[in-house]
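Summary of structural features
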Amino acid sequence: MATLQVKNVPDELYAAVKARAVREHLTVSDLVLRNLRREVALPSRDEWIADVTARAEAVRGRRIDVQSVMDEVRAEFE
């Protein structure tokens, strides 16, 4: 298993990370690993922009009957 060293962490940031780890009953390493896993699971900014652009292009020109959609949503809560 690899080791990751992070340099130049401001004291205030490290204190905040350490305090969060204590509150969540984790070690600093476990908290940082959890957050790294969460971060890399998200799409990059460029991937997210490409996805949003593709979705927008897919619906462009498609007419949506807002009243019908609202009626369907309201029906779900009846």
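How each quantity is defined
- Residues numbered from 1 in each chain as written.
- Predicted model: local features only at pLDDT ≥ 70, side-chain atom pairs only at ≥ 80, totals over all residues.
- Heavy atoms only, no water.
- Axes fitted to C-alpha atoms, helices over the stretch in contact; angles between N-to-C directions.
- Helix = DSSP H or I, 4+ residues; strand = E, 2+ residues; numbered from the N terminus.
- Parallel < 35°, antiparallel > 145°, perpendicular 65-115°, else oblique.
- Contact = heavy atoms within 4.5 Å.
- Nonpolar A, V, L, I, M, F, W, Y, C, P; charged D, E, K, R; others polar.
- Expected span 1.5 Å × (residues − 1).
- Salt bridge = Lys/Arg side-chain N within 4 Å of Asp/Glu carboxyl O.
- Buried < 20%, exposed > 50% of the residue type's maximum accessible area, 1.4 Å probe, protein only.
- pLDDT = per-residue confidence, 0-100.

**Considering the packing of helix H1 (residues 11-23) against helix H2 (residues 28-41)**
Where H1 contacts H2, the axes come no closer than 8 Å and their chain directions differ by 95°. With respect to their mutual orientation, H1 and H2 come out roughly perpendicular. Where H1 approaches H2, its residues Tyr14, Val17, Lys18, Arg20 and Ala21 are matched on the opposing element by Val28, Leu31 and Val32. Among the residues making up the contact of H1 with H2, the classes are represented as 6 nonpolar, no polar and 2 charged.

**Points about H1**
In a regular helix each residue adds 1.5 Å, so 13 residues correspond to 18 Å; H1 covers 18 Å between its end C-alpha atoms and thus fits that length. His25 sits one or two positions beyond H1 and adopts a positive phi of about 55°.

**Looking at the pattern of salt bridges**
Summed over the entire model, instances satisfying the criterion amount to 4 salt bridges. Here Arg55 makes a salt bridge to Asp51, at a shortest N to O gap of 3.1 Å. Of the two residues, Arg55 and Asp51 both sit in helix H3 (residues 45-59), 4 residues apart, roughly one turn of that helix. For Arg55, a relative accessible area of 56% translates into the label exposed. According to the relative accessible area criterion, Asp51 is partly exposed, its value standing at 35%.

**Some points on the confidence of the model for the protein chain**
Should the pLDDT be low somewhere, the predicted coordinates at that spot are not to be read in detail. Looking at the protein chain, the pLDDT average stands at 92 and 100% of residues meet or exceed 70. By mean pLDDT, the top-scoring element of the protein chain is H1 (98), and the lowest-scoring one is H3 (88).

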